[in-house]
Amino acid sequence: ALQNPDLAFPMLVNTLLPIGLKGVVICGILAALMSSLASLYNSSAMLYTIDIYKRKHPETEEKRLVSIGRIATVVVVVLGVLWMFVIQAMGKNLYAYIQNIQSLLAPAIATVFLLGICWKKTTAKAGMWTLIIGIVIGALRLVTMIINPQSHNAFTYVFNEMNIYTFGVCTFITCILVCLAISLCTKKPAVEQIQGLVFGTATKAQKAEDRGSWSG
């Protein structure tokens, strides 16, 4: 029996596969890892360089933007290395760590996406504040799980001891209520702003264009 479940796949590769096939499998894993990291670094650099820096400095030369993108990539790499300490603090089970992180981020994003495409009265302010509140709730849970306080009260139960899936459902319901409340208290978007983006707002021309693309 393995004491560390994360070693199950390496043990299977080392035990069951012949020598030549082991190298092929390892090369495939490394290639997938490098591809994922490359896309992550490229997306992060583009996100900061184009969507943040260039908006504030629209006259920046392309050569300087390339340099800024490289610096942003290095910063992301350093943050990724430092994040390893967070992973270690949250336990040795990698699958449980991934599920924990996803449950902290997904509720707010899912709420904004679902209400944004399903409810015509969802406003931009509601979406923004729902994301902010959802991320703050997730961050509180993350910090509390890392610190792992020994005291037992309502706060530590919700943000540390509660099952992560139950916490995700509660956060999702909270985000829905926040988004609904703020949307009802703010001015709903104009029809032109949401036309074709929300269910029931597509024009006949847009529907015909979409159906025509099915056979293209």
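Higher on the page you've got the structure.
Residues numbered from 1 in each chain as written. Predicted model: local features only at pLDDT ≥ 70, side-chain atom pairs only at ≥ 80, totals over all residues. Heavy atoms only, no water.

Chemist: Looking at this structure, how should I read the side chain of Thr60?
Modeler: Positionally, Thr60 belongs in the loop between helix H2 (19-56) and helix H3 (62-89). Looking at Thr60, its side chain comes within polar contact range of the main-chain oxygen of His57, at 2.7 Å. (Helix = DSSP H or I, 4+ residues; strand = E, 2+ residues; numbered from the N terminus. Polar contact = N/O pair within 3.5 Å; in protein donor to acceptor, adjacent residues only side chain to side chain.)

Chemist: Would you mind showing me how to read the nonpolar core here?
Modeler: Nonpolar side chains tend toward joint burial in soluble globular proteins. Of all hydrophobic cores here, the largest spans 12 residues; its members are Val86, Met90, Tyr97, Ile101, Leu104, Ile137, Leu142, Met145, Phe159, Met162, Ile164 and Phe167. Every element with two or more residues in this core is listed here: helix H4 (94-118), helix H5 (124-147) and helix H7 (164-185). Not counting residues within four places of it along the chain, the set of residues in contact with Leu142 comprises Trp83, Val86, Met90, Ile101 and Leu104. (Core = buried A, V, L, I, M, F, W, Y, C linked by side-chain atoms within 4.5 Å. Buried < 20%, exposed > 50% of the residue type's maximum accessible area, 1.4 Å probe, protein only. Contact = heavy atoms within 4.5 Å.)

Chemist: Is there a simple way to think about the packing of aromatic side chains in this case?
Modeler: Each pair of aromatic rings is reported with the distance of its centres and the angle of its planes. Under the counting rule described, the total for this entry stands at three aromatic pairs. Between Tyr48 and Tyr53, the aromatic rings sit 6.4 Å apart at their centres with planes inclined by 40°, giving tilted as the arrangement. Relative accessible area serves as the criterion here: at 37%, Tyr48 is assigned to the partly exposed category. Residue class for Tyr53 comes out buried when judged on its relative accessible area of 14%. What links up through ring pairs into an aromatic cluster is the set Phe155, Phe159 and Phe167. (Phe/Tyr/Trp six-rings, centres within 6.5 Å; stacked < 30°, edge-to-face > 60°.)

Chemist: Would you take a moment to explain the environment of Gly116 for this structure?
Modeler: Relative to the helices and strands, Gly116 is located in helix H4. Assessed through its relative accessible area of 28%, Gly116 is described here as partly exposed. In this structure, Gly116 is in contact with Thr111, Thr122 and Val198, ignoring residues within four places of it in sequence.

Chemist: Help me out: how do you make sense of the pattern of salt bridges in this one?
Modeler: Pairing between side chains of opposite charge can happen when the charged atoms of each approach one another. By the definition in use, this model includes one salt bridge. Across the salt bridge formed by Glu62 and Lys54, the nearest N and O atoms sit 3.9 Å from each other. On the accessibility criterion, Glu62 (56% relative accessible area) is exposed. With relative accessibility at 29%, the residue Lys54 sits in the partly exposed group. (Salt bridge = Lys/Arg side-chain N within 4 Å of Asp/Glu carboxyl O.)

Chemist: Looking at this structure, how should I read a nonpolar patch on the surface?
Modeler: Side chains of Ile71, Val74, Val75, Val78, Leu79, Leu82 and Phe85 sit close together on the surface and give an oily, nonpolar patch of about 680 Å² of accessible area. Tracing the chain through its elements places Val74 in helix H3. Judged by its relative accessible area of 52%, Val74 is exposed. (Patch = residues over 30% accessible without salt bridge, like charges linked within 9 Å, V, L, I, M, F, W, Y side chains within 5 Å. Areas by Shrake-Rupley, 256 points an atom, 1.4 Å probe, with all protein chains shown as cover.)

Chemist: Explain the packing of H5 against H7 here, please?
Modeler: Running from N to C, H5 and H7 point in directions that differ by 155°, and their axes come no closer than 9 Å. By the angle between their axes, H5 is roughly antiparallel relative to H7. Viewed along their axes, H5 and H7 form a crossing whose handedness is right-handed. Of H7, the residues touching H5 (which contributes Lys125, Ala126, Trp129, Thr130, Ile133, Gly134, Ile137 and Arg141) are Ile164, Phe167, Thr171, Thr174, Cys175, Val178, Cys179, Ile182 and Ser183. When grouped by side-chain class, the residues that make up the contact of H5 with H7 number 10 nonpolar, five polar and two charged. (Axes fitted to C-alpha atoms, helices over the stretch in contact; angles between N-to-C directions. Parallel < 35°, antiparallel > 145°, perpendicular 65-115°, else oblique. Left-handed = near helix turned anticlockwise from the far one by under 90°. Nonpolar A, V, L, I, M, F, W, Y, C, P; charged D, E, K, R; others polar.)

Chemist: Quick question: what am I supposed to make of the packing of helix H1 (residues 8-16) against H2 here?
Modeler: Where H1 meets H2, the axes come as close as 9 Å, and the angle between the chain directions of the two elements is 150°. In this view, H1 runs roughly antiparallel relative to H2, as classed from their interaxial angle. Pair H1 / H2 crosses with right-handed handedness. Residues Phe9, Val13 and Asn14 of H1 form the contact with H2, whose participating residues are Lys22, Val25 and Ile29.

Chemist: Whenever I open this one, the side chain of Arg141 confuses me. Can you help?
Modeler: For Arg141, the position within the fold is in helix H5. Although buried, Arg141 forms no salt bridge, and the nearest oppositely charged side chain, Glu161, lies 9.0 Å from it. Dropping the residues within four chain positions of it, Arg141 is found in contact with Leu104, Val158, Phe159, Asn160, Met162, Asn163, Ile164 and Phe167. (Lys, Arg positive; Asp, Glu negative; His and termini not counted.)

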